[in-house]
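Structural overview
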Amino acid sequence: MTAEEYAGLGGWTPEKLGLPGAVRAVVAAPDPVLSRPGPAVDPTSAEVVQLAADLVATMRVSPGCVGLAAPQVGVSAQVFAVDVTGHPKAVTVHGAFVLCNATVVEASRWKAGREGCMSVPDLTGDVKRASRLVVEGVLPGSGDPVRLVTDGFEARALQHEIDHCAGLLFLDRVAGAHAVYQRKVYL
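Cut-off values and rules
Residues numbered from 1 in each chain as written. Predicted model: local features only at pLDDT ≥ 70, side-chain atom pairs only at ≥ 80, totals over all residues. Heavy atoms only, no water. UniProt positions renumbered as here; feature names shortened; annotations may be inferred. Helix = DSSP H or I, 4+ residues; strand = E, 2+ residues; numbered from the N terminus. Buried < 20%, exposed > 50% of the residue type's maximum accessible area, 1.4 Å probe, protein only. Contact = heavy atoms within 4.5 Å.

Per an unreviewed UniProt entry, the chain is named Peptide deformylase, and its organism is Micromonospora chaiyaphumensis. Within the UniProt record for the chain, the comment given under Function (unreviewed entry) is "Removes the formyl group from the N-terminal Met of newly synthesized proteins. Requires at least a dipeptide for an efficient rate of reaction. N-terminal L-methionine is a prerequisite for activity but the enzyme has broad specificity at other positions." Here is the UniProt Sequence similarities (unreviewed entry) comment for the chain, exactly as written: "Belongs to the polypeptide deformylase family."

1. Observations regarding the UniProt feature "binding site: Fe cation" (unreviewed entry) in the chain
The UniProt record annotates "binding site: Fe cation" (unreviewed entry) at Cys117, His160 and His164. Across 48 residues, the annotated set stays spatially compact, with a maximum C-alpha separation of 10.3 Å. With respect to the helices and strands, cysteine 117 occurs in strand β3 (residues 97–117). Of the residues examined, cysteine 117 reaches a relative accessible area of 5% and is grouped as buried. Setting aside anything within four residues of it in sequence, one finds cysteine 117 in contact with Gln72, His160, His164, Phe170 and Arg183. Judged by relative accessible area, histidine 164 falls into the buried class, the value being 1%.

Listed below in structure tokens is the structure:
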């Protein structure tokens, strides 16, 4: 694979999964699956490909949702979907994608920002995250490795979902109780 093919998604879209996704119920804290690190997965297995399609389908029917991880639908696994397309805070946008076994390889330009979560529906919080990010992962279905360079809001969304796969909620990252707020707007 050339460096150009490795950088970015190489034209990958959820449609390349080749099957429709089912909308799954989203679990809420304190469900134990949300606090357990998920195992690495085989991105080419039929179960993971179906899970990837289901994450995209569930994300698409959830107003305001820009990311969804496997633990949020009750599955302990390192798989998540992200799509910040059309979000007013998004600068870099890779479209809708799913990554398996993703890791942060570079993080810089740390900034605090407000976050919410479908699994913590009544709260938001200020979380310090890298606003420039390099993530490596594997695409479901093909098993192709990818390297995403992103920034701003998309970087925040990726870190939030990678945390879910590691058994962490945004509440585990806030500076303290003073940085947690009652949600004012439900989308």
